[in-house]
Amino acid sequence: MISSASGSRALFDIGDAERAAFRALPRHVWDFIDGGSGSESTLRANRTALDQVCLTPRALTGVTHGDCAGELLGSPVSMPVAVAPMAYQRLVHPDGELALARAARSAGVVFIASMLSSRTIEAIAGVGAETWFQLYWLRDRDRTEELIKRAEASGCRALVLTVDVPRMGRRLRDMRNAFTLPNTVTAANLPESPAAGPGSTAHREQPGGSAVMVHTAEALDPALSWADLEWIRDRTGLPLVLKGIMDPADASRAVDAGVDAMVVSNHGGRQLDGALPSVTALSSVVREVSGRCPVLVDSGIRSGTDVLKALALGASGVLVGRPALWGLAAGGRDGASEVLHLLHTELEQAMTLAGCADLSSAGRLTTTVPAGVLAARTGTTP
Ligand SMILES: Cc1cc2nc3c(=O)[nH]c(=O)nc-3n(C[C@H](O)[C@H](O)[C@H](O)COP(=O)(O)O)c2cc1C
């Protein structure tokens, strides 16, 4: 049950959680979560593209139950889903990342902790979910290295390097709202940063701008390049995942660089406005990678059927972003658990109806995608 001022309501689809979160959150926090960059065309396109993918169900399979369980990079999962890294979760609920990590643990899915979490990685990993740590590239390399060591020491199972944020996209809603963090919400993993504590840049109003955007520009090094992957590789034995790969040429280069997995992602429509939908980029990346490492996808996943579509298009799993925050906003740990359990129920149902006994048969389903939804291969390597 997702609770709200008007009482508790059952959750029949993720849209119910979205509406409950909208009612629960102050408008500027809602906008921070919900918004995309620029005209939000990529944000909308992510949904349109997923809606246009059609699955071809198999008949007379004798399948009475779809087994969603599997593993992601060695982490056992009840379904091939990870909670996407999302910054500052205490904005939506006082228990923030701890509540969402607990929900992930009870649902048996991976929790990816953002470097910009409002709880420390030690506290989050202490919850006991299968935890991966997401890194942005800090201007200060020593501090990047220190964070990698902290993630390792606290038991994280993988490092996820986000590669689509040389700077933050222009999130116009946040700019119009002059969005700032309240002093109760800080970048808990960066306590020594002058930009992270209460009263810092992220908390000081920037007229006509977003304080979070200014803080990000201060903290992150925009010049991350392929050469830097080697630097990370030399410093950790953890599996390395690149998040934000869209072009098959980059996917190929990532495999050559020895990454362990990649996430096809346009950051939920929050970075390059006009970027193609992730699910559109997925097929050509899968084709290029050709089984050499797992390919995950995110941006716009809103149901178990969407998860099945991603699997049928060749993904090994998906990341789910905003829906998890909607559950957290509407009902704390229980609300987030409900969202994750609903996704499981829906995926199991969709697999059974499509005649898929397990994840490998889901990967063999035929999909039909209207012309133009599959990415044209026209780029050249920069
Ligand atoms: C509020 C919010 C904060 C986010 N913070 C991060 C972050 O710190 N690191 C990161 O790699 N991605 C971040 N993302 C992007 C998500 O990891 C993910 O790519 C995206 O939300 C997926 O799209 P979806 O929300 O439509 O599921 C954030 C997304 C949202 C909505």
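As the structure is a computational prediction, the values presented were derived from the model and not from experiment. (Residues numbered from 1 in each chain as written. Predicted model: local features only at pLDDT ≥ 70, side-chain atom pairs only at ≥ 80, totals over all residues. Heavy atoms only, no water.)

Draft legend 1. The overall build of the protein chain, seen in detail. In terms of helices and strands, the protein chain carries 14 helices and 14 strands. At 20 Å, the protein chain has a C-alpha radius of gyration in line with the 21 Å of a compact globule built from 382 residues. For the protein chain, the spread of C-alpha atoms along the three principal axes comes to 65 × 55 × 40 Å. Taken across its 382 residues, the protein chain has 57% of its residues classed as buried. A separation of at least 24 residues holds for 72% of the contacts in the protein chain among residues at least 6 apart in sequence. Summing over all exposed atoms, the protein chain offers an accessible surface of approximately 14900 Å²; the carbon and sulfur share of this is 52%. (Helix = DSSP H or I, 4+ residues; strand = E, 2+ residues; numbered from the N terminus. Rg over C-alpha atoms; globule rule 2.2 N^0.38 Å. Buried < 20%, exposed > 50% of the residue type's maximum accessible area, 1.4 Å probe, protein only. Contact = heavy atoms within 4.5 Å. Areas by Shrake-Rupley, 256 points an atom, 1.4 Å probe, with all protein chains shown as cover.)

Draft legend 2. Highlighting the nonpolar core. Membership of the largest hydrophobic core comes to 110 residues, with the highest contact counts inside it found for Met115, Phe133 and Met262. Dropping the residues within four chain positions of it, methionine 262 is found in contact with Val241, Leu242, Ile245, Ala251, Ala254, Val255, Val285, Val289, Cys293, Pro294, Val295 and Leu296. Val110, Val160, Leu296 and Leu319 belong to the second largest nonpolar core, which has 14 residues in total. (Core = buried A, V, L, I, M, F, W, Y, C linked by side-chain atoms within 4.5 Å.)

Draft legend 3. Expanded view of the UniProt feature "active site" (unreviewed entry) in the protein chain. UniProt records the feature "active site" (unreviewed entry) at His267, using the numbering of this structure. Among the secondary structure elements, histidine 267 is positioned in the loop between β11 (261-264) and α11 (278-289). Judged by its relative accessible area of 12%, histidine 267 falls in the buried class. Beyond its immediate chain neighbours, meaning those up to four positions away, histidine 267 contacts Tyr136, Thr162, Asp164, Val165, Arg171, Lys243, Asp298 and Ser299. (UniProt positions renumbered as here; feature names shortened; annotations may be inferred.)

Draft legend 4. The arrangement of the site of the ligand in detail. Around the ligand sit 22 residues, and of these Pro85, Ser114, Tyr136, Thr162 and Asp298 come closest. One of the backbone N or O atoms of alanine 87 is found 3.1 Å from a nitrogen atom in the ligand. Within the contact set of the ligand, a nitrogen atom lies 3.0 Å away from a side-chain nitrogen or oxygen of lysine 243. Expressed as a share of its isolated accessible area of 610 Å², the protein-covered part of the ligand is 98%. More than half of the atoms of the ligand fall within 2 Å of the grid points belonging to the largest cavity. (Near = heavy atom within 4 Å. Polar contact = N/O pair within 3.5 Å; in protein donor to acceptor, adjacent residues only side chain to side chain. 1 Å grid on protein atoms, 1.4 Å probe; cavity = no way out; pocket = protein on both sides within 12 Å on 5 of 7 lines; lining within 4 Å. Sits in = over half its atoms within 2 Å of the grid points.)

Draft legend 5. Up close: the packing of aromatic side chains. Applying the stated criterion across every chain, the model contains 4 aromatic pairs. Relative to phenylalanine 179, the ring of phenylalanine 32 has its centre 4.8 Å away and its plane inclined at 10°; by these criteria the two rings are stacked. Taken together, the positions of phenylalanine 32 in helix α2 (residues 27-34) and phenylalanine 179 in the loop between α7 (172-176) and α8 (211-219) put the pair 147 residues apart, joining distant regions of the chain. Phenylalanine 179 matches phenylalanine 32 in its accessibility class, with the two residues each being buried. (Phe/Tyr/Trp six-rings, centres within 6.5 Å; stacked < 30°, edge-to-face > 60°.)

Draft legend 6. Representation of the layout of surface pockets within the structure. Roughly 720 Å³ of internal volume is contained in the largest pocket. Lining of the largest pocket is provided by 31 residues; of these, Val163, Asp164, Pro166, Gly244 and Asp250 occupy positions nearest its centre. Those elements giving two or more residues to the lining of the largest pocket turn out to be β9 (159-162), α9 (226-233), β10 (240-245) and α10 (248-256). The greatest single-element share of the lining of the largest pocket, amounting to 3 residues, is contributed by β10. Taken together, the residues that form the lining of the largest pocket break down as 18 nonpolar, 8 polar and 5 charged. (Points joined across faces, edges and corners; volume = space filled by probe spheres on them. Nonpolar A, V, L, I, M, F, W, Y, C, P; charged D, E, K, R; others polar.)

Draft legend 7. Representation of the pairing of β10. For β10, a buried count of 6 out of 6 residues is recorded, marking the element as mostly surrounded by other parts of the structure. Pairing analysis gives 4 bridges linking β9 to β10, with the strands arranged parallel. Counterpart to leucine 161 in the pairing with β10 is leucine 242. In the sheet, β10 pairs with β11 via 4 bridges, with the strands oriented parallel. Paired with leucine 242 across the bridge in β11 is methionine 262. Handedness of the β-α-β unit built from β10, α10 and β11 comes out right-handed. (Pairing = 2+ DSSP bridges. Right-handed = clockwise from strand over helix to strand, strands pointing away.)

Draft legend 8. Region of interest: α8. When we look at burial in α8, the residues that qualify are Ala211, Val212, Met213, His215, Thr216 and Ala219. In this structure, the buried side of α8 is in contact with α2 and α7.

Draft legend 9. A look at the pairing of strand β7 (residues 110-113). Side chains of β7 alternate between two faces, with Val110 and Ile112 and Phe111 and Ala113 buried alike. Sheet topology note: the strand β6 (residues 81-83)/β7 ladder contains 2 bridges and is parallel. The residue bridging valine 83 from the neighbouring strand is phenylalanine 111, located in β7. As a crossover connection, the stretch from β6 through helix α4 (residues 96-107) into β7 is right-handed. Sheet analysis places β7 next to strand β8 (residues 131-135), joined by 3 bridges and oriented parallel. Residue phenylalanine 111 lies in a different strand from β8, and its bridge partner there is threonine 131.

Draft legend 10. Broad picture of the packing of α4 against helix α13 (residues 322-354). The interhelical angle for the contact between α4 and α13, taken along N-to-C directions, is 10°, at an axis separation of 7 Å. Comparing their axes, α13 and α4 come out roughly parallel. Two secondary-structure elements touch here, α4 through Gly96, Ala99, Leu100, Arg102, Ala103, Ala104, Arg105, Ser106 and Ala107 and α13 through Ala324, Leu325, Leu328, Gly332, Arg333, Ala336, Ser337, Leu340 and His341. Here the residues of the contact of α4 with α13 are counted per class, giving 10 nonpolar, 5 polar and 3 charged. (Axes fitted to C-alpha atoms, helices over the stretch in contact; angles between N-to-C directions. Parallel < 35°, antiparallel > 145°, perpendicular 65-115°, else oblique.)

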